[in-house]
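Chain by chain, the residues:
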Amino acid sequence: MINQGEILQTIKMIDQQHLDVRTITMGISLRDCSHSDIKISCDKIYDKICRYAGNLVRTGEQIEAEFGIPIVNKRISVTPIALVAESCDSEDYVPFAKALDRAAREVGVNFLGGFSALVHKGCTKGDERLLRSIPEALAETSFVCSSVNVGTTRAGINMNAVRMMGEIVKKTAYLTRDTGSFGCAKLVIFCNAVEDNPFMAGAFHGIGEPECEINVGVSGPGVVYEALKSVKGQSLDVVAETIKKTAFQITRVGQLVAQEASSRLGVPFGVVDLSLAPTPAIGDSVADILEEMGLSSVGAPGTTAALALLNDAVKKGGVMASSNVGGLSGAFIPVSEDAGMIAAATAGYLTIEKLEAMTCVCSVGLDMIAIPGDTSAETISAIIADEAAIGMVNNKTTAVRLIPVVGKKVGDMVEFGGLFGSAPIMPVNTCDPTEFILRGGRIPAPMHSLKN
Amino acid sequence: MHAFVTVVGKDKVGIIAAICILLSEKNVNILDISQTILQDYFTMFMLVDASECSTPFAELSECLSALGQKMDLTIRIQREEIFNAMHKI
C-alpha cells in the first residue's frame, strides 16, 4: 500500500514542480499514400491521419483526467514526406504540407512533424523538391513541422544540403517575418536523426517504424531541480544519485501513460523518450538545475561538465523505468524555452560557442536560438556544419534550430509566446565562412577506431 | 478500478460527510480512509473503488473538484496506478 508521504510527493511534483508528460506522439506511416496525382495522394494522407488519430486527443485527455497528470501536447509524426511525395509529378510539395495541416486541425493535435527529407548522402529529385518547398510550407501552415537530416556518422555530412539549408532557413525567416520569423522554429536540421523522436519540431516516423505507434516524451526539470535543493553542498556522487532516482520516477509516469494510451488506442507502444524538456515557466528550467549544482549562471566554466553529469544520470535513472527507451533521450537546452537560459543569454553569460560545447554532451543541439536577421545564409550553413560535425564524430544526434529574426539585431528580444517563449538576439561570430560553404561536396564519414 | 481521493485544506465541519455523500451518489465505494490535521490543515486520503461509478471518471473528478472549490479545499481523484508507478519498483 502506498503511504501518505508518497501520495503527497506525487501531488507536489505535479502541482508545484511542473511534472507533466510533455507529449504523446502518434507515429503514422504514410508509405501507402503515394500516387502520381498529387491531389489523390494528399487526400489519402488526410484520410489516413484522420482515421488513425481521430481519438488521439480525446484519449490523451481521458488519461490526463484519470491519473491527474497533465499531458501537455498531443502530436503526430509521419513518414518523411519526401518519400511519400516522390512518385507524384508535381514540382511543388506545398499542397502536401497543407493536407497535413488540415488533418492536424481536424484531429486537434498541437503539431504534426514529418515534412522531412533524409539527405545525408545526397538528394533525390523528391528530396530536392521538398527542400525547396519548406519555406512556403512553413509560412502557409500552422501545425506542420519540418526536419532535414544532413549527416550521419556512417555517411558523413552532405555539404551541398548544408549549403541549401542555410538559404532555406533565411527564406523561411523572411516569409514569416511578421511573426518574428517563427517559421524557423518549426524547422530542424539534424545529424544522426532518430526515427522515433516524439518531440517537435524534429519528429518524423522513420522508415524502420511500424504502421502506427505511440511514443511518449516525458519532462520534469522542475522536479529534478527541487530534488537537488535537498542535497545542497553534498558531493557530485550524491547529485548524480539524486538525479537518477528522480529520473526514474518521472520516467515511470511516462511509461504508464504510454502503456495506457497504447492499449486504449489499440496501437503498439514505441518508446519513452527520456528528455528533460524545459518550458519558459519559472521553476521548469534545465539552467536552474545546472545553477543549483553550484554555477552562478549557466554558461559559466563548469557548465559543460555539470550538463554531462545531468544528461548521463537522467538516462541511467530512466532506462530502468521503461521497457523501451528511444527518441532523443537527453537534456534539452533550447534557449527561448528555458527561463534560466534566456536570463543567461540576455546577460551575456551564455554564448553560441558555449552552447555548441554543451551540445557535445547532451541532447540535442543549438536549439531555439535567435540570431540577427542579417546573418548570412553561408554563416548559418557553417553553424549547421559545425553542429553536424559534432554529431557525426561523436556518434550522437545533433540538431540546429536557429531563428535569424528579420529586422532584429543583437540586444533586441523576440517573443514567440506559449511554450516557445522569448529569446534575446544572440551575437554570431562575424568572420566569414563563405568560401568553405561554397565548396560543397561531402565531408567523409569519420574513422571508428584510433579514437582520440 | 482503485483510485485515491486526496483532500487538503483548512479544517471545518462536514468535510468527510460532504465527500462521502458525493461518492455514494456516484456509486463509488470507499475502501480505506486516513486523515491527519497538520497545523490546522486538514489532509485526508481515501482509497476508493470507482469501477461501478455511475458517471465517467473525468466527470467524477470534476464533481469532486467543484465540491472542493465550494468548500475552499483542494480535492483530487487519481487512479492508484500513478502512485504505484512512481513509488514501487
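Residues numbered from 1 in each chain as written. Chains lettered and ligands numbered in written order. Predicted model: local features only at pLDDT ≥ 70, side-chain atom pairs only at ≥ 80, totals over all residues. Heavy atoms only, no water.

Chemist: Requested: an account of the sheet that holds strand S1 (residues 2-10) of chain B, with residues and values cited.
Modeler: Residue and element names in this part refer to chain B. Strand order across the open sheet formed by four strands is S2-S3-S1-S4, with antiparallel pairing between neighbours. On the outer flanks of this sheet lie strand S2 (29-38) and strand S4 (73-79), each paired with one strand and no other. Each strand of the sheet is rotated relative to its neighbour by a mean of 15°, with strand direction disregarded. Across nine bridges, the pairing between S1 and strand S3 (residues 41-49) is antiparallel. What sits directly across from His2, in S3, is Asp49. Strands in contact with helix H1 (residues 15-25) are S1, S2, S3 and S4; relative to S3, the strand with the most contacts, it is inclined by about 20°. Sitting on the sheet, helix H3 (residues 80-87) is in contact with S1, S3 and S4, with an inclination near 80° to S4. (Pairing = 2+ DSSP bridges. Helix = DSSP H or I, 4+ residues; strand = E, 2+ residues; numbered from the N terminus. Axes fitted to C-alpha atoms, helices over the stretch in contact; angles between N-to-C directions. Contact = heavy atoms within 4.5 Å.)

Chemist: Tell me about the packing of aromatic side chains, and name the residues and values.
Modeler: Residues and elements named next belong to chain A. This structure, assessed with the given rule, holds six aromatic pairs over all chains. Relative to Phe416, the ring of Phe182 lies with its centre 5.8 Å away and its plane at 45°, an arrangement referred to as tilted. Here the residue Phe182 occupies a position in the loop between helix H7 (159-175) and strand S6 (187-191), and Phe416 occupies one in the loop between strand S12 (413-415) and strand S13 (422-424), the gap between them amounting to 234 residues. The same class applies to Phe182 as to Phe416, namely buried. (Phe/Tyr/Trp six-rings, centres within 6.5 Å; stacked < 30°, edge-to-face > 60°. Buried < 20%, exposed > 50% of the residue type's maximum accessible area, 1.4 Å probe, protein only.)

Chemist: Explain the packing of helix H9 (residues 236-265) of chain A against helix H11 (residues 303-321) of chain A residue by residue, including any values.
Modeler: Residues and elements named next belong to chain A. It is at 7 Å that the axes of H9 and H11 come closest, and there the two elements cross at 45°. By the angle between their directions, the pair H9 and H11 is classed as oblique. Classified by chirality, the crossing of H11 by H9 is right-handed. In contact with Leu236, Val239, Ala240, Ile243, Lys244, Ala247, Phe248, Thr251, Arg252 and Gln255 of H9, H11 contributes Leu309, Leu310, Ala313, Val314, Lys316, Gly317, Gly318, Met320 and Ala321. In the contact of H9 with H11, the residues fall into twelve nonpolar, four polar and three charged. (Parallel < 35°, antiparallel > 145°, perpendicular 65-115°, else oblique. Left-handed = near helix turned anticlockwise from the far one by under 90°. Nonpolar A, V, L, I, M, F, W, Y, C, P; charged D, E, K, R; others polar.)

Chemist: Report on the interface of chain B and chain A, specifying residues and quantitative values.
Modeler: Taken together, the contact between chain B and chain A spans 24 residues of the former and 26 residues of the latter. For the pair chain B and chain A, the two sides together bury roughly 2,400 Å², of which 67% comes from carbon and sulfur. Put simply, chain B and chain A have three salt bridges between them. Between Asp15 of chain A and Arg76 of chain B there is a salt bridge whose closest N-O contact spans 2.0 Å. Seen at the junction of chain B and chain A, the total is ten residue pairs in polar contact (both at pLDDT 80 or more). Counting only elements with at least two residues in the side of chain B that touches chain A, the list comes to S1, S2, S3, helix H2 (57-70), S4 and H3 of chain B. (Buried area = accessible area lost by both parts, 1.4 Å probe. Salt bridge = Lys/Arg side-chain N within 4 Å of Asp/Glu carboxyl O. Polar contact = N/O pair within 3.5 Å; in protein donor to acceptor, adjacent residues only side chain to side chain.)

Chemist: Lay out the pairing of S3 of chain B in plain terms, naming residues and giving numbers.
Modeler: Residue and element names in this part refer to chain B. Within S3, seven of the nine residues are buried, leaving the element largely enclosed by the surrounding structure. Here S2 runs beside S3; their pairing, made up of nine bridges, is antiparallel. Bridging across to S3, Gln35 finds its partner in Met44. What sits between the antiparallel neighbours S2 and S3 is a turn of two residues, in which Gln39 has the positive phi angle 45°.

Chemist: So what's going on with a nonpolar patch on the surface? Residues and values would help.
Modeler: On the surface, Tyr174, Leu175 and Val406 of chain A cluster together into a nonpolar patch covering about 250 Å² of accessible area. Residue Val406 of chain A is classed as partly exposed on the basis of its relative accessible area, which comes to 32%. (Patch = residues over 30% accessible without salt bridge, like charges linked within 9 Å, V, L, I, M, F, W, Y side chains within 5 Å. Areas by Shrake-Rupley, 256 points an atom, 1.4 Å probe, with all protein chains shown as cover.)

Chemist: Can you tell me about helix H12 (residues 339-347) of chain A, naming the residues and giving the values?
Modeler: Residue and element names in this part refer to chain A. Buried within H12 we find Ala339, Gly340, Met341, Ile342, Ala344 and Ala345. Close packing links the buried residues of H12 with helix H10 (286-292), helix H13 (352-358), S12 and S13. In this structure Asp338 caps H12, since a side-chain oxygen of it lies 3.0 Å from the backbone nitrogen of Gly340. One or two steps after H12, the chain reaches Gly348, where phi turns positive at roughly 85°.

Chemist: Please give an account of the pairing of S1 of chain B that cites residues and values.
Modeler: Relative to S4 of chain B, S1 of chain B runs antiparallel, the two being bridged by seven bridges. Bridge assignment links Val5 of chain B to a residue of S4 of chain B, and that residue is Ile77 of chain B.

Chemist: Any chance you could break down the packing of helix H2 (residues 38-53) of chain A against helix H5 (residues 94-107) of chain A for me, citing the residues and the numbers?
Modeler: Residues and elements named next belong to chain A. Running from amino to carboxyl end, H2 crosses H5 at an angle of 25°, the nearest separation of the two axes being 9 Å. The angle between H2 and H5 places the two elements in the roughly parallel class. In the packing of H2 onto H5, the handedness of the crossing is right-handed. Of H5, the residues touching H2 (which contributes Ile38, Ser41, Cys42, Ile45, Tyr46, Ile49, Cys50 and Ala53) are Pro95, Phe96, Ala99, Leu100, Arg102, Ala103, Glu106 and Val107. Of the residues belonging to the contact of H2 with H5, the class tally is 13 nonpolar, one polar and two charged.

Chemist: Any details on the state of the cysteines? Residues and values, ideally.
Modeler: All names here are of chain A. Following the criterion strictly, the structure yields zero disulfides over all chains and no others. Unpaired in terms of disulfides, Cys123 finds its nearest cysteine sulfur in Cys191, a separation of 15 Å. The partly exposed category is assigned to Cys123, whose relative accessible area is 31%. Its sulfur unpaired, Cys362 is 9.0 Å from the next cysteine sulfur, which belongs to Cys360. Assessed through its relative accessible area of 1%, Cys362 is described here as buried. (Disulfide = S-S within 2.5 Å.)

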